[in-house]
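# Summary of structural features
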Amino acid sequence: MKSLRGNGAGCIGHLANPPVLILGFRRFAEIAKIVDMLATSNPCCIVVSIDGPRREGAASAKSLKLSLQKAIGPETNLVFEQQPKNLGIARHLQQAVTEVLRTHDSLLVLEDDCMPASGLYSYMAQALVAHRNDKTIGTVAADAHILTKRDSAYVESSMFPLTWGWGTWADR
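Sequence positions are assigned chain by chain, starting from 1 and proceeding in written order. Local features in a predicted model are, by the rule used here, given only for residues with pLDDT of at least 70; side-chain atom pairs are given and counted only at 80 or more, and totals for whole chains, interfaces and linings are based on all residues. Side-chain metrics rest on all non-hydrogen atoms present in the structure, leaving aside hydrogens and water.

### Looking at helix α3 (residues 89–101)
- Helix and strand assignments follow DSSP, with helices taken as H or I runs no shorter than four residues and strands as E runs no shorter than two, numbered in order from the N terminus. By this rule the span expected of a helix is its residue count minus one, scaled by 1.5 Å. Taking 1.5 Å of rise per residue, the 13 residues of α3 would be expected to cover 18 Å, and the 18 Å separating its terminal C-alpha atoms lies within 8% of that figure.
- We call two residues contacting when some pair of their heavy atoms lies within 4.5 Å. Contacts made by the buried residues of α3 are with β2 (20–24), β3 (45–50), β5 (106–111) and β8 (165–169).

Encoded structure:
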């Protein structure tokens with residue numbers, strides 16, 4: 001299965017409204033910035049999943065939940081969860097993605113160290129719709145580092161997925 005990736009330029013047309021899953025650990029200030037940026041794109045919901053602390057007595061993410069709810073307001077559905085114990089990034093990612101895809105047919109995944117550009121959500125939502133029926137594509141991704149000299153949209157197919165900002169479907 002291949003990954004389709006692009007630079008996020010050239011987004012037009014009808015857009016779906018997939019949820020966004022933000023995976024976090026300890027970068028609470030960065031998570032707040034990501035949520036603030038995404039709230040203007042009006043995703044159907046933003047799911048913030050925080051991995052549990054490595055040791056007992058570590059800082060809780062409860063204050064982050066309250067500040068995020070105040071910042072984005074009631075129009076954006078915010079789902080917040082903190083794992084009771086540390087799963088590590090691989091298990092946390094798998095568990096959180098599986099949980100969101102139980103109730104949604106696609107999603108966009110960002111880690112807490114991935115600050116999205118303003119057009120990322122629109123680009124990813126459009127890419128998820130455009131490639132939904134191509135079962136040879138396992139993920140769609142966007143990365144500002146693959147900008148080219150061209151002003152038009154850049155898209156490529158790769159065996160190697162980008163893992164900083166990506167989307168997938170429940171049936172993959």
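Here the narrative resumes.
### Some thoughts on the pairing of β2
- Relative accessibility under 20% of the residue-type maximum defines a buried residue, over 50% an exposed one, and the middle range a partly exposed one, all with a 1.4 Å probe and only protein chains included. Among the five residues that make up β2, five are buried, leaving the element largely enclosed by the rest of the structure.
- Every second residue of β2 is oriented toward a common face, with V20, I22 and G24 on one face and L21 and L23 on the other, all of them buried.
- One ladder, built from four bridges, connects β2 with β5; its direction is parallel. The residue of β5 that forms the bridge with V20 is L108. Between any two strands, pairing holds if DSSP finds at least two bridges.

### Topic: the pattern of salt bridges
- The term salt bridge refers to a pairing of a side-chain nitrogen on Lys or Arg with a carboxyl oxygen on Asp or Glu at a separation within 4 Å. Per the counting criterion, the structure on display carries five salt bridges.
- In this structure, D112 engages R27 in a salt bridge whose closest nitrogen and oxygen atoms are separated by 2.6 Å. Remark: R27 occurs in the loop between β2 and α1 (28–39) and D112 occurs in the loop between β5 and α4 (120–130); sequence separation between them is 85 residues.
- According to the relative accessible area criterion, D112 is buried, its value standing at 5%.
- In this structure R27 comes out as partly exposed when scored by relative accessible area, which is 39%.
- In this structure, R132 engages D105 in a salt bridge whose closest nitrogen and oxygen atoms are separated by 2.6 Å. Of this pair, R132 sits in the loop between α4 and β6 (137–142) while D105 sits in the loop between α3 and β5, placing them 27 residues apart in sequence.
- Residue D105 is classed as partly exposed on the basis of its relative accessible area of 46%.
- The network of salt bridges with shared partners includes K135, D171 and R172.

### Digging into the nonpolar core
- Judged by nonpolar contacts, the single largest core of 30 residues is most densely connected at I22, I31, V35, L38, V48 and L68.
- Where this core is concerned, the elements lending two or more residues are β2, α1, β3, α2 (62–72), β4 (77–82), β5, α4 and β6.
- Counting residues per element, this core draws most heavily on α4, at seven residues.
- I22 has contacts with I31, I34, V35, L38, I46, V47, V48, S49 and L110, leaving out every residue within four places of it along the chain.
- Definition used in this section: a nonpolar core is a set of buried Ala, Val, Leu, Ile, Met, Phe, Trp, Tyr and Cys residues joined via side-chain atoms within 4.5 Å. The next biggest cluster of nonpolar side chains, apart from the first, holds 12 residues, and it includes L23, A96, V97 and V109.

### As for the packing of α1 against α2
- For helices, the fitted axis covers only the stretch in contact; all axes are lines through C-alpha atoms, and the angles between them, taken along N-to-C directions, range from 0 to 180 degrees. For the pair α1 and α2, the least separation of the axes is 10 Å and the interaxial angle reads 25°. Regarding the angle of α1 to α2, the classification is roughly parallel. Like other packed secondary-structure pairs, α1 and α2 cross with a definite hand, here right-handed. Along the contact surface, α1 presents F28, I31, A32, V35 and A39, while α2 presents L64, L68 and I72.
- Each residue gets one of three labels, nonpolar for Ala, Val, Leu, Ile, Met, Phe, Trp, Tyr, Cys and Pro, charged for Asp, Glu, Lys and Arg, and polar for the others, Gly among them. Across the contact of α1 with α2, the residue classes tally to eight nonpolar, no polar and no charged. Note that the term roughly parallel is reserved for angles under 35 degrees, roughly antiparallel for angles over 145, roughly perpendicular for angles of 65 to 115, and oblique for everything else. In this scheme the handedness of a crossing depends on how the near helix is turned from the far one: anticlockwise by less than a right angle means left-handed, clockwise means right-handed.

### As for the side chain of S49
- Along the chain, S49 falls in strand β3.
- Every residue in contact with S49, bar those within four places of it in the chain, is listed here: L21, I22, L23, G24, E81, Q83, H92 and A96.

### Topic: the state of the cysteines
- The definition used for a disulfide is geometric: two cysteine sulfur atoms within 2.5 Å. Within the structure shown, the criterion is met by zero disulfides.
- You can see C44 has no disulfide; the closest cysteine sulfur is in C45, sitting 4.1 Å from it.
- Overall, C44 belongs to the partly exposed group, its relative accessible area being 30%.
- For C45, a relative accessible area of 3% corresponds to the buried category.

From the geometry alone we can't say anything about function, so treat these as descriptive.
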